[in-house]
2 protein chains.
Amino acid sequence: MEQEEAALAANEAFYAAFNQKDVASMDAIWADSPDVTCVHPGWNLLQGRDAVVESWHSILTNPGQPRIVTGGATASIHESVAIVVCRELVGGSPLVATNVFILESEAWKLLHHQSGRVFGAGT
Amino acid sequence: MEQEEAALAANEAFYAAFNQKDVASMDAIWADSPDVTCVHPGWNLLQGRDAVVESWHSILTNPGQPRIVTGGATASIHESVAIVVCRELVGGSPLVATNVFILESEAWKLLHHQSGRVFGAGT
């Protein structure tokens, strides 16, 4: 349960960095792994830490970027991996996100993020 | 490397069950875990094994469901978890998918799937 809470706290830190447009914190949140991957809503897959961090730099320094509201986060812990799934709301658009964290030096670091629009029934 | 190949084979089996509209195989591919989650393109989050398997039953028994073509799969292995990311093409629409597998009785089983449309540049 402690690791679940720690993973959910890491997830909240990710979205706090987003809303604070804090490029340095966003960089530190990502894992130090060549396997880092990211899928922004509607974007193609980004592979590798440099490409992913650079994309976040572009997003966070965009003055038109709306804030993000999140909710309903759940964490599924499997040894050194936490799979967090949550809802996002950006500029009025509902999305769902997958955030996969891995333990690095006992801290949960983001390995993979995918966010996608929810269009269907039940939204 | 062996586990990476095994995880990629499990990923291929998932898409083979999709194209063969094989409901029993699709059921067996999913993990026996209460944490099973799934996000179909544009759908809201489905939580729990029953809801997820039922959604696949609806999709696979839909005579209008187009085939899926996949490519570019990569697997990142972390102990008993494999994060597979790949491209999908369904009815001419490009998508990206996250497939998270966990080891159950030494077999890779699907814990979480998210697929979302790619709209942006570079597709």
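Model, not experiment: these values are computed from the prediction.

## Thoughts on the environment of Val52 of chain B
Reasoning step 1: As for its position among the elements, Val52 of chain B is in helix α3 (residues 49-60).
Reasoning step 2: With 14 residues separating them along the chain, Val52 of chain B and Cys38 of chain B place their C-alpha atoms 6.2 Å apart.

## Re the nonpolar core
Reasoning step 1: In this structure, Met26, Trp30 and Trp56 of chain A together with Met26, Trp30 and Trp56 of chain B are the most contacted members of the largest nonpolar core, which totals 76 residues.
Reasoning step 2: Beyond its immediate chain neighbours, meaning those up to four positions away, Trp56 of chain B contacts Phe14, Phe18, Met26, Trp30, Cys38, His40 and His113 of chain B.

## Concerning the packing of aromatic side chains
Reasoning step 1: Enumeration according to the criterion identifies six aromatic pairs over all chains in this entry.
Reasoning step 2: Aromatic ring contacts, followed pair by pair, group Phe14, Tyr15, Phe18 and Trp56 of chain A into a single cluster.

## Here we look at the confidence of the model for chain A
Reasoning step 1: Taken over all residues, the pLDDT of chain A has a mean of 95, while the share at 70 or more is 96%.
Reasoning step 2: Reported confidence for the predicted complex is 0.94 by ipTM and 0.95 by pTM.

## Regarding the pairing of strand β4 (residues 81-90) of chain B
All names here are of chain B.
Reasoning step 1: Extensive coverage of β4 is indicated by the burial of eight of its 10 residues.
Reasoning step 2: The pairing of strand β3 (residues 68-78) with β4 spans nine bridges and is classified as antiparallel. Within β4, the residue paired with His78 across the bridge is Val81.
Reasoning step 3: Between β3 and the antiparallel strand that follows it, β4, lie two residues; Glu79 among them carries a positive phi value of about 55 degrees.
Reasoning step 4: Pairing of β4 with strand β5 (residues 93-104) involves 10 bridges; the strand directions are antiparallel. Considered in β5, the bridge of Leu89 is made with Pro94.
Reasoning step 5: Linking β4 to β5, which pair antiparallel, is a turn of two residues; within it Gly91 sits at a positive phi near 55 degrees.

## Comments concerning the interface of chain B and chain A
Reasoning step 1: Contacts between chain B and chain A engage 32 residues on the former and 32 residues on the latter.
Reasoning step 2: Interface area lost by chain B to chain A is led by Gly42, Asn44 and Gln114 of chain B, which between them contribute 20%.
Reasoning step 3: Linking chain B with chain A are zero salt bridges, by the criterion used here.
Reasoning step 4: The interface formed by chain B and chain A includes 12 residue pairs in polar contact (both at pLDDT 80 or more).
Reasoning step 5: Breaking the side of chain B that touches chain A down by element, the ones donating at least two residues are β1 (37-39), β3, β4, β5 and β6 (107-117) of chain B.
Reasoning step 6: Considering every element that reaches the side of chain B that touches chain A, the biggest residue donor is β6 of chain B, with six residues.

## Concerning the sheet that holds strand β5 (residues 93-104) of chain A
Residues and elements named next belong to chain A.
Reasoning step 1: One open sheet accounts for six strands, arranged β2-β1-β6-β5-β4-β3; its pairing is mixed. Of all strands in the sheet, those bounded by a partner on one side alone are β2 (46-47) and β3 (68-78).
Reasoning step 2: Across the sheet, helix α1 (residues 2-19) is in contact with β3, β4 (81-90), β5 and β6 (107-117); its angle to β3 comes to roughly 150 degrees.

## Points about α3 of chain B
All names here are of chain B.
Reasoning step 1: With 12 residues, α3 should cover 16 Å at 1.5 Å per step; its first-to-last C-alpha distance of 16 Å lies within 8% of that length.
Reasoning step 2: Three or more residues of α3 are buried, namely Val52, Val53, Ser55, Trp56, Ile59 and Leu60. Projected down its long axis, α3 carries its buried residues within an arc of 155 degrees, all on one side. Facing away from the buried side of α3 by more than 90 degrees, the exposed set consists of Asp50 and Glu54.
Reasoning step 3: Buried-residue contacts for α3 involve α1 (2-19), α2 (23-29), β1, β2 (46-47) and β6.

## Overview of the relation of the copies chain B and chain A
Reasoning step 1: When chain B is fitted to chain A, the best match, at an RMSD of 0.0 Å, comes from turning it 180 degrees and sliding it 0.0 Å along the axis. These values place the two chain copies in the arrangement generated by a two-fold rotation axis. No C-alpha of chain B lies nearer the rotation axis than that of Gly116 of chain B, which sits 2.7 Å from it.
Reasoning step 2: When the interface residues of chain B are mapped onto chain A, 100% of them are again interface residues, pointing to one common binding face.

Procedures and definitions
Residues numbered from 1 in each chain as written. Chains lettered and ligands numbered in written order. Predicted model: local features only at pLDDT ≥ 70, side-chain atom pairs only at ≥ 80, totals over all residues. Heavy atoms only, no water. Helix = DSSP H or I, 4+ residues; strand = E, 2+ residues; numbered from the N terminus. Core = buried A, V, L, I, M, F, W, Y, C linked by side-chain atoms within 4.5 Å. Buried < 20%, exposed > 50% of the residue type's maximum accessible area, 1.4 Å probe, protein only. Contact = heavy atoms within 4.5 Å. Phe/Tyr/Trp six-rings, centres within 6.5 Å; stacked < 30°, edge-to-face > 60°. pLDDT = per-residue confidence, 0-100. Pairing = 2+ DSSP bridges. Buried area = accessible area lost by both parts, 1.4 Å probe. Salt bridge = Lys/Arg side-chain N within 4 Å of Asp/Glu carboxyl O. Polar contact = N/O pair within 3.5 Å; in protein donor to acceptor, adjacent residues only side chain to side chain. Axes fitted to C-alpha atoms, helices over the stretch in contact; angles between N-to-C directions. Expected span 1.5 Å × (residues − 1). Arc of directions from axis to C-beta. Least-squares fit on C-alpha atoms with pLDDT ≥ 70 in both.

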